[in-house]
Amino acid sequence: KNQVEQSPQSLIILEGKNCTLQCNYTVSPFSNLRWYKQDTGRGPVSLTIMTFSENTKSNGRYTATLDADTKQSSLHITASQLSDSASYICVVSDRGSTLGRLYFGRGTQLTVWP
Amino acid sequence: EADIYQTPRYLVIGTGKKITLECSQTMGHDKMYWYQQDPGMELHLIHYSYGVNSTEKGDLSSESTVSRIRTEHFPLTLESARPSHTSQYLCASSESVTDYQTNTGELFFGEGSRLTVL
């Protein structure tokens, strides 16, 4: 069964600290993995996409990694800010069909305290 | 900033009422989706469309219906709302691709419609 598991479920850190969010998946065949950020009361917004051949990709203070062999991805946030408080959702796309099917994790709720 | 809009943002109604959640996008995307999101749970696909006059049911069984008469418009309708329909409804769109190897799968979401049925 294709699944996406995220950990931790929730996380509280102090402003300025770093943190790492995890995403494990069993989706096969794999096409790509995307991290979304969802602010409270808003729709998710894409942060970064990882394809099979990519190991690391950065977007400002966000760095995503992908290990396609172990089917794990992480999102590392550096020097956290209050505005980083949000839910971070891992979404994996398969390539079993032409148009790709998306599998969603339940998200990690990050809270950054001053 | 994505150009996809949902109305209403919040709606509180009584059981048995008919409601329509509106979704419009100005990006010219052929593919549009409706997702249901409950706290602490993953997004569940309830309807999607590949283009005008195309609608399909998603993975999560839903009593709602959708229509796609215009590319930019994808409304969702509940004929008779019940308390079990209380949820957050997210509309999204994406570009059309025919080659899965180039399908980035990026979804552009609206800000959501939070429905409460009393």
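Cut-offs and rules
- Residues numbered from 1 in each chain as written.
- Chains lettered and ligands numbered in written order.
- Predicted model: local features only at pLDDT ≥ 70, side-chain atom pairs only at ≥ 80, totals over all residues.
- Heavy atoms only, no water.
- Helix = DSSP H or I, 4+ residues; strand = E, 2+ residues; numbered from the N terminus.
- Buried < 20%, exposed > 50% of the residue type's maximum accessible area, 1.4 Å probe, protein only.
- Contact = heavy atoms within 4.5 Å.
- Areas by Shrake-Rupley, 256 points an atom, 1.4 Å probe, with all protein chains shown as cover.
- Pairing = 2+ DSSP bridges.
- Phe/Tyr/Trp six-rings, centres within 6.5 Å; stacked < 30°, edge-to-face > 60°.
- Lys NZ or Arg CZ within 6 Å of the ring centre and 35° of its normal.

**A word on the overall build of chain B**
The helix and strand tally for chain B stands at zero helices and 11 strands. Reading the secondary structure of chain B in the N-to-C direction produces β-β-β-β-β-β-β-β-β-β-β. In chain B, which comprises 118 residues, the share counted as buried stands at 46%. In chain B, 57% of the contacts between residues at least 6 apart in sequence involve partners at least 24 apart. Summed over all atoms, the accessible surface of chain B reaches about 5900 Å², with 50% contributed by carbon and sulfur.

**With respect to the sheet that holds strand 3 (residues 19–25) of chain B**
Residues and elements named next belong to chain B. The sheet built from four strands is open, its strands ordered 1-3-8-7 with antiparallel pairing. Lying at the two open borders of the sheet, with one neighbouring strand each, are strand 1 (4–7) and strand 7 (65–66). Sheet topology note: the strand 3/strand 8 (residues 76–78) ladder contains three bridges and is antiparallel. What sits directly across from leucine 21, in strand 8, is leucine 76.

**Some words on the pairing of strand 9 (residues 86–94) of chain A**
Side-chain positions along a regular strand alternate between the two faces of the sheet. Residues and elements named next belong to chain A. Most of strand 9 is tucked away: nine of the nine residues are buried. Side chains Ala86, Tyr88, Cys90, Val92 and Asp94 project from strand 9 onto one buried face, and the interleaved Ser87, Ile89, Val91 and Ser93 project onto a second face that is buried too. In this sheet, strand 9 lies alongside strand 4 (residues 30–38) in antiparallel orientation, the contact comprising eight bridges. Across the sheet, the residue bridging to glutamine 38 is serine 87, located in strand 9.

**Quick notes on the packing of aromatic side chains**
Applying the stated rule across the entire model yields seven aromatic pairs over all chains. For the ring pair Tyr25(A) and Phe30(A), a centre distance of 5.1 Å and an interplane angle of 25° mean the geometry is stacked. Chaining the aromatic ring pairs together yields one cluster made of Tyr36(A), Phe104(A), Tyr33(B), Tyr35(B) and Phe109(B). Over the ring of Phe74(B) we find Arg68(B); its NZ or CZ atom is 5.8 Å from the centre of that ring.

All we've got here are geometric facts, nothing functional implied.
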